[in-house]
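# Analysis of the macromolecular model
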Amino acid sequence: MGNPELTSTVKMLQGQRAQVQQELAKLDKAIAVLRELSGTNSTPAQDGKSHTMSAAARRKIAKAQRARWAKLRAERKTKG
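Residues numbered from 1 in each chain as written. Predicted model: local features only at pLDDT ≥ 70, side-chain atom pairs only at ≥ 80, totals over all residues. Heavy atoms only, no water.

Counting its regular elements, the protein chain contains two helices and zero strands. For the protein chain, the exposed area adds up to about 7,900 Å²; of that, 58% sits on carbon and sulfur atoms. (Helix = DSSP H or I, 4+ residues; strand = E, 2+ residues; numbered from the N terminus. Areas by Shrake-Rupley, 256 points an atom, 1.4 Å probe, with all protein chains shown as cover.)

Set out below in structure tokens:
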């Protein structure tokens with residue numbers, strides 16, 4: 001870089017970038033503390049994907065829900 005003005009501008013921008021990175025680190029730390037205090041220490045996966053439930057778990061939950069609905073229908077039938 002032959003231009004001294006350009007060089008100084010690049011150095012200034014690098015300094016600002018470093019300051020912003022420090023601020024982001026502070027914010028991340030504050031968020032982690034707040035999550036810990038609120039009891040929601042779960043963080044999303046780094047790749048942005050959410051946790052998927054296995055097919056067996058979905059079947060088990062669906063079976064339990066069908067049983068609850070059947071029980072509710074049976075109670076209504078005996079009352080009505």
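That covers the picture; the talk isn't over yet.
Because each turn of an α-helix spans 3.6 residues, side chains separated by three or four positions end up pointing in the same direction. Look at helix α1 (residues 4-38): 51 Å from first C-alpha to last across 35 residues, which is about the 51 Å you get at 1.5 Å a residue. Of the residues that open α1, the one with a side-chain oxygen 3.1 Å from the backbone nitrogen of Glu-5 is Asn-3. Of the residues flanking the end of α1, it is Gly-39, one or two places downstream, whose phi is positive at about 85°. (Expected span 1.5 Å × (residues − 1). Polar contact = N/O pair within 3.5 Å; in protein donor to acceptor, adjacent residues only side chain to side chain.)

Here we take up a nonpolar patch on the surface. Residues Val-20, Leu-24, Leu-27 and Ile-31 make up a contiguous nonpolar surface patch of roughly 360 Å² in combined accessible area. Examined against the element boundaries, Leu-24 turns out to sit in helix α1. (Patch = residues over 30% accessible without salt bridge, like charges linked within 9 Å, V, L, I, M, F, W, Y side chains within 5 Å. Salt bridge = Lys/Arg side-chain N within 4 Å of Asp/Glu carboxyl O.)

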